[in-house]
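# Overview (structure and organization)
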Amino acid sequence: MTQPASASAQSTQNATAVQTVPVTTKRKVTYLFKFTSSKSLSLPYAMAVNGTVTDPASGKPKRLTNNTAKTFTVDANAAVSLYLNSDAQASFRKEPVYAITPTVRDVHITITEKTGKHTTQATPVFKETKKGSDGKEVDYYTADLTGDIWMKVSHKYTEAEARTRIPAGTDSAIQEAVLNIYRGLSAAQVTANLAATPTKAAQSITMTFDSSSNASSNISTFSLLSDGLPRTHPKGLVALFQAAQQAGVSKLTLSSAWRPMLGSIAHRSGLGLDINYLEAGGKKIRVNREELRKSAPDLDWVSAQEKTLFTTYEQAQKAATTAATEQKAATAALKKAQKQPDQVVDAQKAKDAADKKKADADKARADAEKAWNDERDRNEPAGMRSFREALQGNSLVAQLFDPWYMDSDTRDRVAATANKQANDNEKLHAHHLHLTVSEPELL
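Thresholds applied
- Residues numbered from 1 in each chain as written.
- Predicted model: local features only at pLDDT ≥ 70, side-chain atom pairs only at ≥ 80, totals over all residues.
- Heavy atoms only, no water.
- Pairing = 2+ DSSP bridges.
- Helix = DSSP H or I, 4+ residues; strand = E, 2+ residues; numbered from the N terminus.
- Axes fitted to C-alpha atoms, helices over the stretch in contact; angles between N-to-C directions.
- 1 Å grid on protein atoms, 1.4 Å probe; cavity = no way out; pocket = protein on both sides within 12 Å on 5 of 7 lines; lining within 4 Å.
- Points joined across faces, edges and corners; volume = space filled by probe spheres on them.
- Nonpolar A, V, L, I, M, F, W, Y, C, P; charged D, E, K, R; others polar.
- Salt bridge = Lys/Arg side-chain N within 4 Å of Asp/Glu carboxyl O.
- Buried < 20%, exposed > 50% of the residue type's maximum accessible area, 1.4 Å probe, protein only.
- Phe/Tyr/Trp six-rings, centres within 6.5 Å; stacked < 30°, edge-to-face > 60°.
- Lys NZ or Arg CZ within 6 Å of the ring centre and 35° of its normal.
- Core = buried A, V, L, I, M, F, W, Y, C linked by side-chain atoms within 4.5 Å.
- Contact = heavy atoms within 4.5 Å.
- pLDDT = per-residue confidence, 0-100.

What follows covers the sheet that holds strand 10 (residues 106–113). A sheet is described by the order of its strands in space; here five strands give the open sequence 7-3-10-12-11, paired in mixed fashion. Because the sheet does not close on itself, it has two edges, and the strands there are strand 7 (70–75) and strand 11 (125–131). For this sheet, the mean angle separating the axes of adjacent strands, direction not counted, is 25°. Where strand 3 (residues 26–34) lies against strand 10, six bridges are found, and the strand directions are parallel. Paired with Lys34 across the bridge in strand 10 is Thr112.

This paragraph deals with the layout of surface pockets. Of the volumes computed, that of the largest pocket is approximately 440 Å³. Partitioned by chemical class, the residues of the lining of the largest pocket number nine nonpolar, 13 polar and five charged. Of the voids in this model, the second largest pocket is the one considered here, and its volume is about 230 Å³. Those elements that place two or more of their residues in the lining of the second largest pocket are helix 4 (213–218) and strand 15 (249–256).

Attention now moves to the pattern of salt bridges. Oppositely charged side chains are able to pair whenever their charged atoms sit close together. Going through the model one piece at a time under the given rule, you end up with 27 salt bridges. For the salt bridge of Asp360 with Lys356, the shortest nitrogen-to-oxygen distance reads 2.8 Å. With Asp360 and Lys356 both in helix 9 (residues 344–379), this residue pair falls four residues apart, about one helical turn. A salt bridge links Glu380 to Arg388; its shortest N-O distance comes to 2.6 Å. Each member of the pair, Glu380 as well as Arg388, carries the same accessibility label: buried.

Within the structure shown, the criterion is met by two cavities of 30 Å³ or more. Looking at the largest cavity, its volume works out to about 60 Å³. As for the largest cavity, its lining consists of Phe209, Asp210, Ser211, Ser212, Leu224, Leu229, Leu254, Ser255, Ser256, Ala257 and Trp258. Top contributing element to the lining of the largest cavity by residue count: strand 15, with three residues. Taken together, the residues of the lining of the largest cavity sort by class into six nonpolar, four polar and one charged. In this structure, the second largest cavity spans a volume of roughly 30 Å³. Lining the second largest cavity are Leu194, Ala195, Thr197, Lys200, Ala201, Ala202, Gln203 and Gln245. When its residues are assigned to classes, the lining of the second largest cavity shows four nonpolar, three polar and one charged.

Overall, the coordinates contain 11 aromatic pairs when judged by the stated rule. Ring centres of Phe310 and Trp372 lie 4.8 Å apart, and the angle between their planes is 50°; on these two criteria the pair is classed as tilted. Residue Phe310 is located in helix 8 (residues 304–337), and its partner Trp372 is located in helix 9; the two are separated by 62 residues in the primary sequence. Looking at Phe310, the relative accessible area reads 2%, which means it is buried. Taking the ring centre of Trp150 as reference, the NZ or CZ of Arg268 above it sits at 5.2 Å. Here Arg376 stacks its cationic end above the ring of Trp372, 4.7 Å away from the centre of that ring.

This paragraph deals with the nonpolar core. By size, the foremost hydrophobic cluster in this structure holds 58 residues, and its most contacted members are Phe209, Phe387 and Leu391. A total of eight residues in this core trace back to one element, the largest contributor, which is helix 6 (residues 234–247). Discounting chain neighbours no more than four positions away, the residues touching Leu391 are Ala239, Leu240, Ala243, Val397, Leu400, Leu433 and Leu435. Listed in part, the 31 residues of the second largest apolar core include Phe35, Leu64, Val80 and Ala122.

Turning our eyes to something else, we now look at the confidence of the model for the chain. When pLDDT is averaged along the chain, the result is 93, and 95% of the positions lie at 70 or above. The low-confidence segment residues 1–9, where pLDDT is below 50, has 20 contacts with residues more than four positions distant or belonging to other chains.

Put into structure tokens, the structure is as follows:
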């Protein structure tokens with residue numbers, strides 16, 4: 001039997017007065033996202049009911065994660081939609097997607113990321129009605145998350161919006177160079193010509209943008225100049241120019257800015273920028289240290305001595321881990337031997353030996369790590385080091401990852417760690433520098 005959208009209940013206040021109280025039927029709307037390009041993706045969202053966002057007007061948006069259902073309870077016949085990615089930021093919210101209106105049943109929408117060029121709209125398609133685990137019937141829908149939809153939910157900054165996001169006091173040449181990107185470039189390059197000051201000579205900084213194969217392969221119609229670059233947060237570009245000025249960098253190449261279907265949400269929301277080449281003091285610097293672990297063209301930044309020292313360090317690290325395990329076992333054995341006096345002497349000797357082995361292994365690891373660190377830093381180009389340090393000190397930057405160092409939070413007091421190309425994130429940044437823009441209203 002179909003349940004009505006609303007009903008009425010009567011309550012008697014006294015013998016002569018009857019009050020009618022409306023009772024609204026509630027429905028559940030469940031969204032389930034399946035991110036095929038990155039299982040660890042965390043997608044900002046804001047939910048709207050009948051066009052009104054229910055989340056606070058300020059603060060960071062909430063997040064949707066891979067293959068984790070998110071359920072909202074709303075009135076029957078209420079229209080539900082989502083604002084996603086950078087469009088979920090409170091100051092934007094212009095492109096509602098995956099709208100659905102539950103009527104006589106709860107609804108469940110599965111949204112699957114789909115690579116390639118597709119013009120599919122962000123509209124749920126009905127598939128079937130079936131009973132859930134509680135015996136209630138649910139209407140099931142499906143929808144796609146394509147490159148076109150990623151672009152739709154990624155805010156495209158106008159020149160006016162970019163201007164308001166450039167910090168006060170920014171050098172006028174840098175400001176104009178950045179604003180030219182949002183006015184519309186005719187070529188994938190922009191230059192800031194900085195005038196001489198009492199303390200600095202005149203300087204020219206040229207920023208070149210590589211084409212985005214990820215975007216062009218997954219969006220039906222895409223232009224780097226008119227679609228990609230304007231979706232990049234202006235603060236990131238300002239930070240790069242400022243760091244280049246401070247470090248004496250004259251040229252730099254961005255290998256990626258906004259892109260839809262590769263890497264973390266930082267790139268997909270326009271807050272991530274990658275640099276794979278820079279020039280400082282007349283020296284060309286390819287930001288790449290892949291040869292630390294594999295055969296690669298000799299880029300001068302990884303010496304043969306460093307590779308030997310790194311191998312020694314990793315061996316020392318394994319030995320220290322083994323010694324720690326043996327010490328733990330010897331400690332447990334000594335504790336157990338306390339109940340059997342005839343075994344205590346031998347157990348104590350074993351524990352003492354394990355303690356010494358661990359102390360020696362820890363020292364060997366520390367010495368090996370220092371030797372590797374010193375050799376690595378000795379071969380790092382001065383321009384690269386200065387450029388990184390300038391970015392680390394820039395308040396517009398939240399994260400920095402590069403082939404030398406990894407810093408997941410440049411605003412805290414925790415020092416950056418060496419990139420050992422051991423985990424996925426370190427391997428990913430073995431051949432470029434990545435910065436994440438500090439944008440408290442989004443990430």
